[in-house]
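# Residue-level structure breakdown
Chain by chain, the residues run as shown.
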Amino acid sequence: MDPATATGTRRNVPPTAAESALLSDLHGVLGDDGLKTSVLSRATYRRDASFLNADPLAIALPRTREELAAVLRACRDHGVPYTPRAAGTGLAGGATPTGVAGVRPLVISVARMDRLLELDVANRRAHVEPGLVNARLGRAAAAEGLRFAPDPASQIAATLGGNVATNAGGIHVLTYGVMSQHVLAVELMDTDGEVHLLDGRLPEQAGLDLRGVSVGGEGTLGIVIGAWLRLLPAPPAVGTLLAGFDTLEAAAATVGALVTSDRLPDAVELMDARAIALVEDYAQAGYPTDAAAVLLLEYEGLSAGVSAGVDTAERLATEHGATEVVRAADADQRARIWKGRKAVAGAIAKTAPDFFLQDVVVPRSRLGEMLDAVVAISEREDLVILTVVHAGDGNLPPFVLFDRREEGVLDRVFAAGHDIVTTALALDGTLTGEHGVGIEKRDFLSQIYTADDLAVQQAVRRAIEPSGLANPDKVLPTTVGCLEASMVPEGAWV
Amino acid sequence: MSDATTMTTDLAPIVETIEAARAARGRLVIRGGGSVVDRLPLTDAEVLSTAELTGVVDHRPEDLVITVRAGTPVEELSALLATHGQECPIEPLAGHGSTVGGRLATALAGPRQLQAGRVRDWVLRVRLVTADARVVTAGGVTVKDVTGYDLCRLATGSWGTLGVIAEVTLKLRPIPTASAWFTSERPASLVLADLYRPAAVVSTGEGTFVRLEEHPDDVVAQAAAVGLRSADPPTLPTTARAAVDPGRLAELTSWAQAAGIPHAGFAGVGVCLLDGDPDALAAAGARAAELGGSLLVLDAGATTLPMRPPPVDPMTERVRAALDPQQIMFDVRQPR
Ligand SMILES: Cc1cc2nc3c(=O)[nH]c(=O)nc-3n(C[C@H](O)[C@H](O)[C@H](O)COP(=O)(O)OP(=O)(O)OC[C@H]3O[C@@H](n4cnc5c(N)ncnc54)[C@H](O)[C@@H]3O)c2cc1C
């Protein structure tokens, strides 16, 4: 996507007859409080946490299933597409209101449908509305000695509906798996306002796993209005280790050794020297500032297994040349070690006005090569790229830092992003490990999948969402170029 | 680093069989090892076998992934992985000969599903020959991948209705350092609540059986804390299986206990294996249905099956119709 060809904003375009008719129907359902049409509101909903942006027709904020169903039926009746949205922390432009063929979509926010409907402690599961924030479920579960495993770094803001819709990851994916593994059932509302319970409570013999397809559907299959989520008992013991290394290779080699040891760590995060310097400055987590890389490791479970795991990790790190190894002695020290990792986004915000994030995954054994390539790309494009890696999963989101006011910088940012993706693909990796395709990676899909693969994906999508109005131009490449999004951050060059 | 010779995948015979069936408007039933299909009554559908489709395509122990052809027996896969200290905990079903493709297609639960998760959670990539004769791939070889819709999970548990699962990439993990079976007189639900993430808890007529898999010291400590005694693994019935909400399993197992029906309920999972004559199974099916569940009878001798399949959402029908417009793939679970 070339910024030069992107269309500008459509702020002053008056609504068409169909749009006006829809808005008047919606107003009848939602009133002033639940329907936002002003320039200011529309500006707020132009984008998610990526910098792809577009002008929506309006924003609907239903509070109940009945209101939502009426909103969807109105979209159907007037043939207006809609873009589901929750907290807007998505990083792939999934919630960016791009339209089709010049029609601006309605943003449907589920943020006000945010109740914890049931916490079934005996059966360790929770029934939630989509707008419930991830961390709120975490707190409610913790009060009962339970935990909700998926812990994306954005968990204090991102919603469970958004986590379902993106199949979110987090820090504990290596042993606990991604979001899908923790979703027992999804309630999906289609464009007719009908609710489908996808996968009920039966462990086998049911119909097709449409639950599994709807997880990661990125708003293109309908609206997730509820989910049954699996809770786990809180681990009785936790062991945390911080290891510093002189080289990125040594840290990557340690990861390889850990993954093939007799007990998998539950979390393995790697941060490079630039990331260390940035967070130390901001959060004082106690990382060795002279190290080329640090590994943050965590083991959870029963006490003997946890201490054996931490012992093994300490030995393997030392064997691979760790210059410093710190075992967290207590909960405070553990919190401090993680503080640095969790402060990455905040530290970046303080340092550079903008960042562009990739989300590639490579097989773990190719991690060292991928890290080297990122360093080379950063030098070539003369950009600061921070590397913070879910190393146990081979999933690296390199943060490309920049200032949009610098002329020509976007070309270099896009070039770097492109090279990161093509390098990962060449290493047998893939485009996105947890952020999703959205519009940002949509046109890369044909590099991974054949025309037949994509045709089957499209057939499944149409079978689940026949109206074609749900987040229409996301996820799958379209044959006709009808992109209405602007790759240019708003406010650039003004 | 690959453990076996990499053979060129030749899916042409499968594509041809499917095309012929489409042309003749015939019906196909896919047979892996036969551990399930052979125990269902015969149909007039032509059998499409994956028996020739065997072997490891690529094993990367350092990446914790393996790619195998669908006809590879699960036991062969487990033996190979064990030489590397690894496993993929998709348990073979009771009896022998289940294939990796068959395990995925049926996604039937084993007792270890409690801790290890469902079959679908171990599948990273699937190569599928669809019922409209297209060879397609979904997913990738990395442990995390949200590129496009998750058709791996769609194929898992599809019972052959979408096409032939031809090749599978699975996620692996290290074999637990220690594991053992125990028994207890206490009800399964209480034992389950007192243990930290046990590998399996099985409720039978002879009491509650527990499998612990972790560090040897933790196995000993947990068993002592809950008063478990060492035991042999439980014997598992093979004739039928009921699936219910795990929260209602105890109602089914206590019913089976009172009725004197041999059973093994997987606590926290919601599956109960059962043995019995057609009358007993019919009663079990009715009980499962009352609890909102279903019953699958695996007995070739049963002429009229007291099957109680769960209702199918219209979306499922639409997805099947999209991939199998001529309905050539026969769902072996259909009552007939
Ligand atoms: C600082 C930061 C750190 C992050 N860290 C992580 C991380 O560690 N792991 C990770 O996986 N992600 C991470 N993300 C990305 C993001 O937080 C996740 O993708 C999250 O799941 C999005 O949730 P949301 O509520 O913000 O959804 P939104 O951004 O509002 O929407 C995301 C997508 O889901 C769709 N959608 C939302 N709600 C619904 C619904 N109810 N029904 C149907 N479709 C819906 C939207 O259309 C869109 O396509 C991070 C983002 C930021 C800004």
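Residues numbered from 1 in each chain as written. Chains lettered and ligands numbered in written order. Predicted model: local features only at pLDDT ≥ 70, side-chain atom pairs only at ≥ 80, totals over all residues. Heavy atoms only, no water.

## Examining the overall build of chain B
Under the convention used in this document: Only DSSP runs of H or I reaching four residues or more are called helices, and only runs of E reaching two or more are called strands; each is numbered from the N terminus. Note that the radius of gyration is over C-alpha atoms, with the globule rule given as 2.2 Å times the number of residues to the power 0.38. Type-normalised accessible area, obtained with a 1.4 Å probe on protein chains alone, sets the label of each residue: buried when under 20%, exposed when over 50%, and partly exposed for intermediate values. For the accessible areas, the method is Shrake-Rupley and the probe is 1.4 Å, while residue cover comes only from the protein chains on display.
Looking only at helices and strands, chain B has ten helices and 17 strands in total. Over its C-alpha atoms chain B spans a radius of gyration of 20 Å, differing by no more than 12% from the 20 Å that the globule rule assigns to 336 residues. In terms of principal-axis extent, the alpha carbons of chain B reach across some 60 × 50 × 30 Å. The burial tally for chain B puts 61% of its 336 residues in the buried class. Summing over all exposed atoms, chain B offers an accessible surface of approximately 12500 Å²; the carbon and sulfur share of this is 53%.

## A word on the domain arrangement of chain B
All names here are of chain B. Cut-off, in case you're wondering: Domain borders in the structure are assigned automatically or taken from a domain database. What makes two residues a contact is simply this: any of their non-hydrogen atoms within 4.5 Å. Take the accessible area each of two parts loses on contact, using a 1.4 Å probe, and add the two losses: that sum is the buried area. By salt bridge we mean one thing: a side-chain nitrogen of Lys or Arg within 4 Å of a carboxyl oxygen of Asp or Glu. Definition of a polar contact: a pair of N or O atoms within 3.5 Å, with one able to donate and the other able to accept a hydrogen when the atoms are protein atoms, and with sequence-neighbouring residues admitted only if both atoms are side-chain atoms. Three classes are used, and their members are as follows: Ala, Val, Leu, Ile, Met, Phe, Trp, Tyr, Cys and Pro are nonpolar, Asp, Glu, Lys and Arg are charged, and the others, Gly among them, are polar.
Taken as a whole, chain B is organised into domain 1 (12-174 + 314-323) and domain 2 (178-302). Each of domain 1 and domain 2 has a C-alpha centre, and these two points are 26 Å apart. Contacts between the two partners involve 17 residues from domain 1, matched on the other side by 23 residues from domain 2. With both chains or domains summed, domain 1 and domain 2 bury close to 1600 Å², and 64% of this area falls on carbon and sulfur atoms. Counting across the domain 1 and domain 2 interface gives two salt bridges. One salt bridge in this structure joins Arg112 and Glu213, with 2.7 Å as the shortest N-O distance. For the pair domain 1 and domain 2, the interface holds two residue pairs in polar contact (both at pLDDT 80 or more). Residue composition of the side of domain 1 that touches domain 2, grouped by class: ten nonpolar, three polar and four charged.

## Section: the pattern of salt bridges
Within the structure shown, the criterion is met by 49 salt bridges over all chains. Between Asp192(A) and Arg76(A) there is a salt bridge, and its shortest N-O distance comes to 2.9 Å. One end of the pair, Asp192(A), is in the loop between β8 (183-189) and β9 (195-198); the other, Arg76(A), is in helix α3 (residues 65-78), with 116 residues separating them in the sequence. Using a relative accessible area of 34% as the deciding quantity, one classes Asp192(A) as partly exposed. Among the residues examined, Arg76(A) registers a relative accessible area of 33% and is labelled partly exposed. The residue Arg320(B) makes a salt bridge to Asp331(B) at a minimum N-O spacing of 3.9 Å. Residue Arg320(B) is located in helix α10 (residues 314-323), and its partner Asp331(B) is located in the segment after α10; the two are separated by eleven residues in the primary sequence. Classification of Arg320(B) as buried rests on a relative accessible area of 14%. Each of Asp199(A), Asp209(A), Arg211(A), Arg118(B) and Arg120(B) takes part in salt bridges that share partners, so that together they form one network.

## Structural notes on the packing of aromatic side chains
Residue and element names in this part refer to chain A. Put simply, the rule reads: By convention, a stacked pair of Phe, Tyr or Trp rings (six-membered ring in the case of Trp) has centres within 6.5 Å and planes under 30 degrees apart, an edge-to-face pair has planes over 60 apart, and any other such pair is tilted.
One pass over the structure, following the stated rule, counts five aromatic pairs over all chains. Judged by centre distance (5.9 Å) and plane angle (70°), the ring pair of Phe51 and Phe402 falls under edge-to-face. Of this pair, Phe51 sits in the loop between α2 (39-44) and β2 (58-60) while Phe402 sits in strand β20 (residues 398-402), placing them 351 residues apart in sequence. Of the two residues, Phe51 and Phe402, neither departs from the other in class, the shared state being buried. With centroids separated by 6.2 Å and ring planes inclined at 45°, the aromatic side chains of Phe51 and Phe414 adopt a geometry described as tilted. Linking Phe51 in the loop between α2 and β2 with Phe414 in helix α14 (residues 409-426), this pair joins segments that are 363 residues apart in sequence.

## With respect to the confidence of the model for chain A
Rule in force here: As a per-residue measure, pLDDT tells how confident the predictor is, with possible values from 0 to 100.
Per-residue confidence for chain A averages 91 on the pLDDT scale, and 94% of its residues sit at or above 70. For the stretch residues 1-10 of chain A, pLDDT sits under 50, and the model shows 18 contacts to residues farther than four places along the chain or on other chains.

## Examining the interface of chain B and chain A
Listed by partner, the interface residues are 76 residues for chain B and 85 residues for chain A. Taking both partners together, chain B and chain A bury about 6500 Å²; carbon and sulfur atoms supply 58% of that area. Taken together, the links from chain B to chain A amount to eight salt bridges. Here Asp199(A) and Arg118(B) are joined by a salt bridge, their closest N and O atoms 3.9 Å apart. At the junction of chain B with chain A, the criterion picks out 24 residue pairs in polar contact (both at pLDDT 80 or more). Put simply, the parts of the chain that give the side of chain B that touches chain A at least two residues each are β7 (135-139), α5 (151-155), β9 (173-174), α6 (188-194), α7 (216-226), β14 (240-243), β17 (294-297) and α10 of chain B. When residues in the side of chain B that touches chain A are grouped by element, the largest group, seven residues, is from α10(B). Its residues assigned to classes, the side of chain B that touches chain A comprises 33 nonpolar, 20 polar and 23 charged.

## Comments concerning the sheet that holds strand β1 (residues 35-36) of chain A
Residue and element names in this part refer to chain A. Stated formally: At least two DSSP bridges between two strands are required for those strands to pair.
Read from one edge of the open sheet, four strands run β1-β2-β4-β3, paired in mixed fashion. Here the strands that pair on one side only, and so sit at the sheet edges, are β1 and β3 (82-85). As judged from the two bridges shared by β1 and β2, these two strands associate in the antiparallel manner. Paired with Lys36 across the two strands is Ile59, which belongs to β2.

## Topic: the domain arrangement of chain A
Residue and element names in this part refer to chain A. When its domains are assigned, chain A resolves into domain 1 (116-233), domain 2 (237-345) and domain 3 (352-426). If you average the C-alpha positions of domain 1 and of domain 3, the two centres end up 30 Å apart. Between domain 1 and domain 3, the residue contacts involve four residues of the former and four residues of the latter. Taken together, the two surfaces of domain 1 and domain 3 that pack against each other cover about 260 Å², and 56% of this comes from carbon and sulfur. For the domain 1 face of the interface with domain 3, the top three residues by lost area are Gly170, Val173 and Leu174, together amounting to 87%. Across the contact surface, domain 1 and domain 3 share zero salt bridges. At the boundary of domain 1 with domain 3, the tally comes to one residue pair in polar contact (both at pLDDT 80 or more).

## As for the pairing of strand β14 (residues 293-301) of chain A
All names here are of chain A. Counting buried residues in β14 gives nine out of nine residues, a clear majority hidden from the surface. Every second residue of β14 is oriented toward a common face, with Ala293, Leu295, Leu297, Tyr299 and Gly301 on one face and Val294, Leu296, Glu298 and Glu300 on the other, all of them buried. The pairing of strand β12 (residues 237-245) with β14 spans nine bridges and is classified as antiparallel. Note that in β14 the partner of Phe245 across the bridge is Ala293. Relative to β14, strand β13 (residues 267-272) runs antiparallel, the two sharing six bridges. Bridge pairing in β14 links Asp272 to Ala293.

## Examining the packing of helix α13 (residues 367-380) of chain A against α14(A)
All names here are of chain A. As a reminder of what qualifies: Every angle, taken between N-to-C directions, lies between 0 and 180 degrees, and every axis is a line fitted to C-alpha atoms, over only the stretch in contact when it is a helix. The labels follow the angle: roughly parallel below 35 degrees, roughly antiparallel above 145, roughly perpendicular from 65 to 115, and oblique for the rest. Each crossing gets its hand from how the near helix is turned against the far one by less than a right angle, where anticlockwise is left-handed and clockwise is right-handed.
At a minimum axis distance of 10 Å, the contact between α13 and α14 shows a crossing angle of 160°. Put simply, α13 runs roughly antiparallel to α14. Judged by the twist between their axes, the crossing of α13 over α14 is right-handed. The residues of α14 that touch α13, namely those facing Met370, Ala373, Ile377 and Arg380, are Ala416, Asp419, Ile420, Thr423 and Ala424. Residues belonging to the contact of α13 with α14 are distributed by class as follows: six nonpolar, one polar and two charged.

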